[in-house]
Amino acid sequence: MKNYTILIAEDDGITAFTLKQKLERIGHTVLSIVATGEKAIKETERLSPDLVFMDIKLEDEICGIEAAREIRKRLRIPVVFITAHSEGKLLENAIEADSSGFLFKPVDEKDLFVAIKTAMARAEMERKSRVNAVLSEISREIIACRSLNDISYHILEEGKKLTGSRFGFVGYLDQKTGNFIATTLTRDVWDICKMQDKTHEFKEFKDLWGWVLENKKSILTNNLTTDPRSTGVPRGHIPIDKFLLAPAMAGDQLMGQIALANSNRDYTDKDLDVVENLAGLYALAVQQFQFEEMIIREKERAEYADRAKSIFLANMSHEIRTPLNLIMGFLELVLSEESISAENRDYLKTAHESGKLLLTLINDILDLSKIESGKFKMEETPCSLKEEIFTPVESNLKVLLKGKNNDVKVIQKYPSDIEEYILCDPFRLTQVLNNLLSNSAKFIEKGFIEYGARLENRNTLQFWVKDTGVGIPEEKQKEVFEPFTQAESGITRRYGGTGLGLAIAKRLVEIMGGERNNCMFYNPLLSCKKVT
């Protein structure tokens, strides 16, 4: 059996001496013998024995049962009662005091052996249960994303309780500076420590805690003065005699450290195991904290880049559109002259059409930029669905189909059950339909293009565009609604286009609060009530 340190609380001197002899004979160390409940509590706090043998009926204001209850509550040290009485009520009270067993006087050496083994096995189970409960609670805090400071303080307090330590600190390595930051120092030792240059942020790693960070290894020492790794305690520092330190590691990466000091007993490997488990959880907490900080930084960078892009595009579009409008204006003036030759007129028309295409591209890029930056606003004004939406769309489609001869039939299906006026953003609704129809006109050689609207319910219109063009493979149908994307790489060379039209249409429908399904969309913001 392992050698345990034991305190005896017995008011009968002969019984106490006999028990001490028997305990030493089977290999244990008796630290002290006391005769009162009050002294039993004080000596247990001072000596921190592994086990206490307590007489139930101590002649004192604090009886053995009350003393045992207090020791269990404060120190969680196992207590075995010894008694010459077997009254039911007395034993019942003793059981309620959470004792670890009973021995009847005179104590038999064999019974003593069994009682010690049983009490210490129970104490070990209780210790493991407490450790597991603490680890589970801290794990829940990490999952719940509590602040790193709160988790640090919690780990420090639980570590002190589980190891009987008086002091300690918990800290992490700052990613930017590489400094060690231990904000928990400010709560525990700030007022006690008399060092002039005390701080909770350290640029240099010194003494035993520095050794742990540099070597990524744990330290358990019960005599600081004889440890060769120690450089001593600085003037004004809290006196340290016992030290327990563990690095907080996430894989091979050092995240921080847990340090505990000045237990009222010697630290053991079990204490080190507890601290290393806490350090493992703390490493996860630091890693999560740093990951969240990284996400915030990346979000801020992305938002800054997005703002810079929007400003750039707005400025560039203005700078480009102004001279372009001048060029197109002068081209229109020249085209209005009757004296120019047919050949030159064709050249000028080509230049004018190219200018219009460039202006459309600039407008598309600016629209997409506004939409993606979240600064795009929709209007809601009364408008005539027929006059302000379908008529302009029809005129634009005729222009788009020039040169297709009469091989393409246009079918417009106007809803007859809709009031004269609706509430919407007429310009943007027209833009969506024009973008969809522009695609139809571009990719069709013959057949038909059909577009229209129908009343889905009292406040929802369904719009659609259908055609007999080249079609889009099913696996590509989602991709074509992304910016600068076309179904096939050769399409740009054959048909032209930038891949922005459908992307803008999709985003406009979403901003309107509608839903898109390929070339059909619903818009719930189109109130069909008649506007008076």
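Because the structure is a prediction, the values reported are computed rather than measured. (Residues numbered from 1 in each chain as written. Predicted model: local features only at pLDDT ≥ 70, side-chain atom pairs only at ≥ 80, totals over all residues. Heavy atoms only, no water.)

With that settled, the discussion passes to the environment of lysine 117. Topologically, lysine 117 is positioned in helix H5 (residues 109-143). Its relative accessible area of 55% is what places lysine 117 among the exposed residues. (Helix = DSSP H or I, 4+ residues; strand = E, 2+ residues; numbered from the N terminus. Buried < 20%, exposed > 50% of the residue type's maximum accessible area, 1.4 Å probe, protein only.)

Read from one edge to the other, the open sheet built from 6 strands follows the order S8-S7-S6-S11-S10-S9, with strand pairing classed as antiparallel. Only two strands of the sheet have a single partner each, and these edge strands are strand S8 (201-202) and strand S9 (219-221). Two strands pair when backbone bridges link them, and strand S7 (residues 180-181) and S8 are joined in this way by 2 bridges, in the antiparallel orientation. Of the residues in S8, the one forming a bridge with isoleucine 181 is glutamate 201. Strands strand S6 (167-173), S7, S8, S9, strand S10 (243-250) and strand S11 (253-261) of the sheet are contacted by helix H8 (residues 207-215), whose axis makes an angle of about 25° with S10. Sitting on the sheet, helix H9 (residues 269-335) is in contact with S6, S9, S10 and S11, with an inclination near 40° to S10. (Pairing = 2+ DSSP bridges. Contact = heavy atoms within 4.5 Å. Axes fitted to C-alpha atoms, helices over the stretch in contact; angles between N-to-C directions.)

This next bit is on the sheet that holds strand S2 (residues 29-34). Strand order across the open sheet formed by 5 strands is S2-S1-S3-S4-S5, with parallel pairing between neighbours. Only two strands of the sheet have a single neighbouring strand rather than two, namely S2 and strand S5 (102-104). Ignoring which end each strand starts from, the neighbouring axes of this sheet average 20° apart. Of the pairings in the sheet, the one linking strand S1 (residues 5-9) to S2 comprises 5 bridges and is parallel in character. Each residue of the ladder has a partner; that of isoleucine 6, found in S2, is valine 30. Each of strand S3 (51-55) and strand S4 (79-83) is contacted by helix H3 (residues 64-75), which is oriented at about 175° to S4, the strand it contacts most.

Taken together, the side chains of Phe291, Met294 and Ile295 define a hydrophobic patch exposed on the protein surface, amounting to about 280 Å² of accessible area. Among the structural elements, methionine 294 can be located in helix H9. (Patch = residues over 30% accessible without salt bridge, like charges linked within 9 Å, V, L, I, M, F, W, Y side chains within 5 Å. Areas by Shrake-Rupley, 256 points an atom, 1.4 Å probe, with all protein chains shown as cover. Salt bridge = Lys/Arg side-chain N within 4 Å of Asp/Glu carboxyl O.)

Let's shift gears to the pattern of salt bridges. Overall, the coordinates contain 26 salt bridges when judged by the stated rule. For lysine 105, the salt bridge identified is with aspartate 55, shortest N-O distance 3.5 Å. With lysine 105 in the loop between S5 and H5 and aspartate 55 in strand S3, this residue pair connects regions lying 50 residues apart in the sequence. For lysine 105, a relative accessible area of 25% translates into the label partly exposed.

Moving on to H8. Every buried residue of H8 is listed here: Asp207, Leu208, Trp209, Gly210, Val212 and Leu213. Contact partners of the buried residues in H8: S6, S7, S8, S9, S10 and S11. In the stretch just after H8, lysine 216 is the one whose phi turns positive, near 55°.

Viewed as axis vectors pointing N to C, helix H1 (residues 13-25) and H5 meet at an angle of 70°, and their least axial separation amounts to 10 Å. Between H1 and H5, the crossing angle belongs to the class labelled roughly perpendicular. As for the relative orientation of H1 and H5, their crossing is right-handed in sense. Of the residues in H5, those in contact with Leu19, Lys22, Leu23 and Arg25 of H1 are Glu109, Leu112 and Ile116. (Parallel < 35°, antiparallel > 145°, perpendicular 65-115°, else oblique. Left-handed = near helix turned anticlockwise from the far one by under 90°.)

A word on the confidence of the model for the chain. Per-residue confidence for the chain averages 82 on the pLDDT scale, and 86% of its residues sit at or above 70. Residue range residues 518-532 is modelled with pLDDT below 50. Its contacts to residues more than four positions away, or to other chains, number 66 contacts. (pLDDT = per-residue confidence, 0-100.)

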